Amino acid sequence: MSGHLTVRSPDGTSIAYDSAGHGPALILVGGAFSYRGWKGWKELSELLAPRFTVMNYDRRGRGDSGDAPAYAVEREIEDLDALVRAAGGSAHVFGMSSGAVLALRAAAAGVPIERAVVYQPPFSVDTSGHVPPPGFEDHLRELVAQDERGRAASYFMRAGMGAPRAFVAFLRLARPIWRNLEAVAPTLPYDLAVMGDTVHGKPLAREPWASIATPTLVVDGGKSSASFRKAADALAELMPNATRRTLEGQSHNLSMKVLAPVLEEFLLDRR
């Protein structure tokens, strides 16, 4: 594995990434709380390295990547485009959670993505599942501005994701894990910006999803809440070249050993 490579985004921000393996380029795009050093990404990279050149990067503001004074989703799309250019001008992409939405927005913006696999984009397409409360984004931004990283992480999990209080309390006791979550907490508003107006319990708008021509596998886990399946179904129905798949026995924290062959099958399909 090649460690701590960097590429420069058009606004001058340095984006850090690792590259492992040989074959077609595959870029991993993480969601909220995700970072390049996460053990799940490392495991997935090792599983896929025999068939792909796996590029695992820190989104801006996380890990070894830089940031800019002002955030815009367009800058993150440019970051991904810079990675694609570093890969030779085209690449496959796998995105998890809000990282899946970022990958799709990049495809809609014209980033040359050959094929994409997205796992559980956390759209809220009706009010039957969890919907963040009014004022959620403003309060989260206040906590981040005050550098209240622990409170921001807890609030995002409970109010934004609907995680049980006991689960969040357990994570806080796991100090190494919690420190890693606090380290990336200032970027949580970035994920909200990526999600846009898709988390308010309303049907998905037609665009930009209907304009994405990239062949895309839209995946959910069979053990996840019904809201994830509804979101995946709604997305796939709008996208012209989407395929749907449910991984039975999997939840939002899925097994990389289950995921890896699914990625290989779809991304290497030459039919």
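The structure displayed is predicted, hence computed values, not measured ones.

**Student:** It is not clear to me how the pairing of strand β4 (residues 53-57) should be interpreted in this structure. Could you clarify?
**Tutor:** For β4, a buried count of 5 out of 5 residues is recorded, marking the element as mostly surrounded by other parts of the structure. The alternating pattern of β4 places Thr53, Met55 and Tyr57 on one face and Val54 and Asn56 on the opposite face, and all of these are buried. Here strand β2 (residues 14-21) runs beside β4; their pairing, made up of 5 bridges, is antiparallel. The residue bridging Ser19 from the neighbouring strand is Met55, located in β4. In this structure, strand β3 (residues 25-29) lies alongside β4, joined through 4 bridges in parallel fashion. By the bridge assignment for β4, Ile27 is matched with Met55. Note that the unit made of β3, helix α1 (residues 39-48) and β4 has a crossover that is right-handed.

**Student:** Honestly, the nonpolar core in this entry has me stumped. Any pointers?
**Tutor:** Most often, soluble globular proteins keep nonpolar side chains buried together rather than apart. Ranked by size, the top nonpolar core spans 42 residues in total, and within it Ile27, Tyr57, Leu83, Phe123, Trp209 and Leu235 carry the most contacts. When residues of this core are assigned to their parent elements, the largest contribution, 7 residues, is made by helix α3 (residues 98-108). Those residues within four positions of Trp209 in sequence are excluded, and the remaining contacts are Val101, Leu104, Arg105, Phe123, Thr198, Leu204, Leu235, Leu238, Met239 and Pro240. Listed in part, the 23 residues of the second largest apolar core include Phe52, Leu217, Leu254 and Leu263.

**Student:** Just checking my understanding: could you explain the side chain of Thr13 for this structure?
**Tutor:** Within the secondary structure, Thr13 sits in the loop between β1 (2-8) and β2. Its relative accessible area of 5% is what places Thr13 among the buried residues. In terms of polar contacts, Thr13 uses its side chain to reach the side chain of Asp11, at 3.0 Å. Apart from residues no more than four positions distant in its own chain, Thr13 is found in contact with Val7, Arg8, Arg60, Gly66, Asp67 and Ala68.

**Student:** When you look at the packing of aromatic side chains in this model, what are you seeing that I'm missing?
**Tutor:** Given two aromatic rings, their pairing is described by the distance between the two centres and the angle made by the two planes. A full pass over the atoms with the stated rule returns 7 aromatic pairs. Considering the side-chain rings of Phe136 and Phe156, the 6.1 Å spacing of their centres and the 45° angle between planes classify their relative orientation as tilted. Residue Phe136 is found in helix α4 (residues 136-145), and its partner Phe156 is found in helix α5 (residues 149-160); the two are separated by 20 residues along the sequence. Since its relative accessible area comes to 8%, Phe156 is described here as buried. Each residue in the set Phe33, Phe136, Tyr155 and Phe156 is aromatic and connected to the rest through ring pairs, giving one cluster. Sitting over the face of the ring of Phe266, Arg115 holds its NZ or CZ atom 4.7 Å from the ring centroid.

**Student:** Sorry, what's going on with the packing of α4 against helix α8 (residues 188-195) here?
**Tutor:** Two numbers describe a pair of packed helices, the interaxial angle and the distance between the axes. Viewed as axis vectors pointing N to C, α4 and α8 meet at an angle of 155°, and their least axial separation amounts to 9 Å. Between α4 and α8, the interaxial angle falls into the category roughly antiparallel. Here the hand of the crossing between α4 and α8 comes out left-handed. Contacts between α4 and α8 involve Phe136, Glu137, Leu140, Arg141 and Val144 from the first element and Leu188, Pro189 and Leu192 from the second. Among the residues making up the contact of α4 with α8, the classes are represented as 6 nonpolar, no polar and 2 charged.

**Student:** Help me understand the environment of Pro203, please; the structure alone is not making it clear to me.
**Tutor:** Along the chain, Pro203 turns up in the loop between α8 and β7 (216-221). The class for Pro203 is exposed, based on a relative accessible area of 67%. The sequence separation of Pro203 and Thr127 amounts to 76 residues, and the corresponding C-alpha distance is 9.8 Å.

Parameters at a glance
Every chain's residues receive numbers from 1 upward, in the order its sequence appears when written. The model is predicted, so local features are restricted to residues of pLDDT at least 70 and side-chain atom pairs to those at 80 or more, both for listing and for counting; the totals for chains, interfaces and linings are taken over all residues. Only hydrogens and water are removed before side-chain values are computed, so all heavy atoms of the structure are retained for them. The buried label goes to any residue with under 20% of its type's maximum accessible area, the exposed label to any with over 50%, and the partly exposed label to all in between, with areas taken from a 1.4 Å probe on protein chains only. Helix and strand definitions follow DSSP, with helices as H or I runs of at least four residues and strands as E runs of at least two, each counted in order from the N terminus. When DSSP locates at least two bridges between a pair of strands, those strands are taken to pair. Classification remark: right-handed applies to a crossover when, strands pointing away from the viewer, the course from the first strand over the helix to the second runs clockwise. Residues grouped as a nonpolar core are buried Ala, Val, Leu, Ile, Met, Phe, Trp, Tyr and Cys residues, joined through side-chain atoms within 4.5 Å. Two residues form a contact once any of their heavy atoms are found within 4.5 Å. Between N or O atoms, a polar contact is any pair within 3.5 Å; within protein, one atom must be a potential hydrogen donor and the other a potential acceptor, and residues adjacent in sequence are included only when both atoms are from side chains. Centres within 6.5 Å make a pair out of two Phe, Tyr or Trp rings, where for Trp the six-membered ring is used; the pair is then stacked when the planes are under 30 degrees apart, edge-to-face when over 60, and tilted otherwise. Two limits define a charge over a ring: the Lys NZ or Arg CZ must be within 6 Å of the ring centre, and within 35 degrees of the ring normal. With axes taken as lines fitted to C-alpha atoms, and helix axes fitted only over the stretch in contact, angles between N-to-C directions fall between 0 and 180 degrees. Working rule for angles: under 35 degrees goes down as roughly parallel, over 145 as roughly antiparallel, 65 to 115 as roughly perpendicular, anything else as oblique. Crossings are assigned a handedness: left-handed for a near helix turned anticlockwise from the far helix by less than a right angle, right-handed for a clockwise turn. Under the scheme applied, nonpolar residues are Ala, Val, Leu, Ile, Met, Phe, Trp, Tyr, Cys and Pro; charged residues are Asp, Glu, Lys and Arg; polar residues are all the others, including Gly.

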